[in-house]
Amino acid sequence: MDASLLVINCGSSSLKLAVFDDQHRKRASALAERLNSKNAFARIAGSEQAVPLPSGASHEIALGTLIKALKDRAIMANDPCAIGHRVVHGGETFREAALLNDETIAAIEDCASLAPLHNPVNLDGILATRSLFPSVPQVAVFDTAYHQTLPPRAFLYALPETYYRDWAVRRYGFHGTSHYFMAHEAARLLGRTPATTSIISAHLGNGCSITAIRDGISVDTSMGLTPLEGLVMGTRSGDVDPGLFDFLAGKGISAKDINEVLNKQSGLLGLSGQTNDMRSLCDLADHGHTPSALAIDIFCFRLAKYVGAMMASLTSLDALVFTGGIGENSARVRQQTLGHLSLMGFQIDNALNKSHGAHSQGRIESSDSRFPVLVIPTDEELVIAREASRLATGGSV
Ligand code: AMP
């Protein structure tokens, strides 16, 4: 059996796992959810049958159980030859992926104050995997790393400079793995090299961010110190007036509750009062639900404004790229967004827009558009697998 690469993405109560072969083709993916609760469950994609997990199963138990299930099904014959982990925050320490050892693990722990909801669970996954596979090399791939090329004018907030010096308060940006993939895939589709290609990359999923990429390098992005800033998202507000905090505090809402509302009860969910799911929102809007139609309208308008903002960092533009669950699948969102951008020269071809999606990447602009517009399915797991291979095996797998 060929050597395999394992990609692991740990959330607070979930674990996603993907297996790649030595040609970097995805062989399987699996998911465990509701970990550390009595309803913990797991399944391998494409299989109807759940993989039984004991009640209260931890990340480590879920991982061990899923690996055994993959081996029993002959999807993995041997232990993987390298493991790649998604890690949300690499602070200013990690400008690229890193081989995991005691030193790099301690550095990830140091970044935890910047991402208290994410880095500790990413570390749980790393430690669980280390104890299961003590001799397999492991690599961390950071959501923030690709944006470490942002210039100070793009990453500094207009705050007292001591906040940056003493507490590392700055804009970091996220979804870096996806934006990096867009830079490379867009260049490939356009018959160019990444180093000579400038794009605006819109990653629109449940979380949304947009990045200006100049000659292959991230030069501005919409997310900031945390993944809350910028675009309207599924349950996150994106940009609000910072004066809102004092106003809401005056209404008796605690800082913790304000944070909870902005992260979990706002965005498309808050605006529609119904759902954070774009597909359901489109159905509701089609059936006359005005708040859902307005939520989509606000989502697209904010996105269009940010496309304009990203232009300020570029001297040329080779393509605007849509990706993520919404970016890949919603012709409606793409059409509505581009409708605000005709003054900048963006024009859409409605037939092409409808024909491209998650399973067919391609160009959707009309012949009179000043810039190409692309739809490209993202593949963050593939980037992590490639990085694990590059760092852990010198690219031999
Ligand atoms: P992601 O976080 O990348 O998985 O994206 C999730 C978002 O993509 C959700 O809002 C989904 O409703 C949305 N999505 C997935 N498929 C479609 C579709 N066919 N049309 C519109 N939105 C979709």
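Shown above is the structure to which this text applies.
Below is a short write-up of the structure. Everything quoted here is computed from the prediction, not taken from an experiment.

Details of the packing of aromatic side chains
- Taken as a whole and assessed by the stated rule, the structure comprises 5 aromatic pairs.
- Look at F94 and F142: their rings are 4.2 Å apart centre to centre, the planes differ by 15°, and that puts the pair in the stacked class. A residue pair is termed long-range when its members are at least 10 positions apart, and F94 in the loop between β6 (82-87) and β7 (98-99) and F142 in strand β8 (residues 138-142) qualify at 48 residues.
- Where F346 meets F371, the ring centres are 5.1 Å apart and the plane angle is 40°; that geometry is what we call tilted. Of this pair, F346 sits in the loop between α13 (331-339) and α14 (350-355) while F371 is found in the loop between β13 (362-363) and β14 (373-375), placing the two residues 25 residues apart along the sequence. Neither F346 nor F371 differs from the other in exposure class; each is buried.
- Taking the ring centre of F155 as reference, the NZ or CZ of R170 above it sits at 3.8 Å.

Some points on the sheet that holds β14
- Read from one edge of the open sheet, 6 strands run β11-β10-β9-β12-β14-β13, paired in mixed fashion. Only two strands of the sheet have a single partner each, and these edge strands are β11 (217-221) and β13.
- Across 6 bridges, the pairing between strand β9 (residues 199-204) and strand β10 (residues 208-214) is antiparallel. Looking at β10, one finds that I199 is bridged to I213.
- Its contacts with the sheet place helix α6 (residues 176-190) against β9, β10, β12 (319-323), β13 and β14, and it is angled at close to 125° to β9.
- Against the sheet, α13 contacts β9, β12 and β14, and its axis sits at roughly 145° relative to β12.

Procedures and definitions
- Residues numbered from 1 in each chain as written.
- Predicted model: local features only at pLDDT ≥ 70, side-chain atom pairs only at ≥ 80, totals over all residues.
- Heavy atoms only, no water.
- Phe/Tyr/Trp six-rings, centres within 6.5 Å; stacked < 30°, edge-to-face > 60°.
- Helix = DSSP H or I, 4+ residues; strand = E, 2+ residues; numbered from the N terminus.
- Buried < 20%, exposed > 50% of the residue type's maximum accessible area, 1.4 Å probe, protein only.
- Lys NZ or Arg CZ within 6 Å of the ring centre and 35° of its normal.
- Pairing = 2+ DSSP bridges.
- Contact = heavy atoms within 4.5 Å.
- Axes fitted to C-alpha atoms, helices over the stretch in contact; angles between N-to-C directions.

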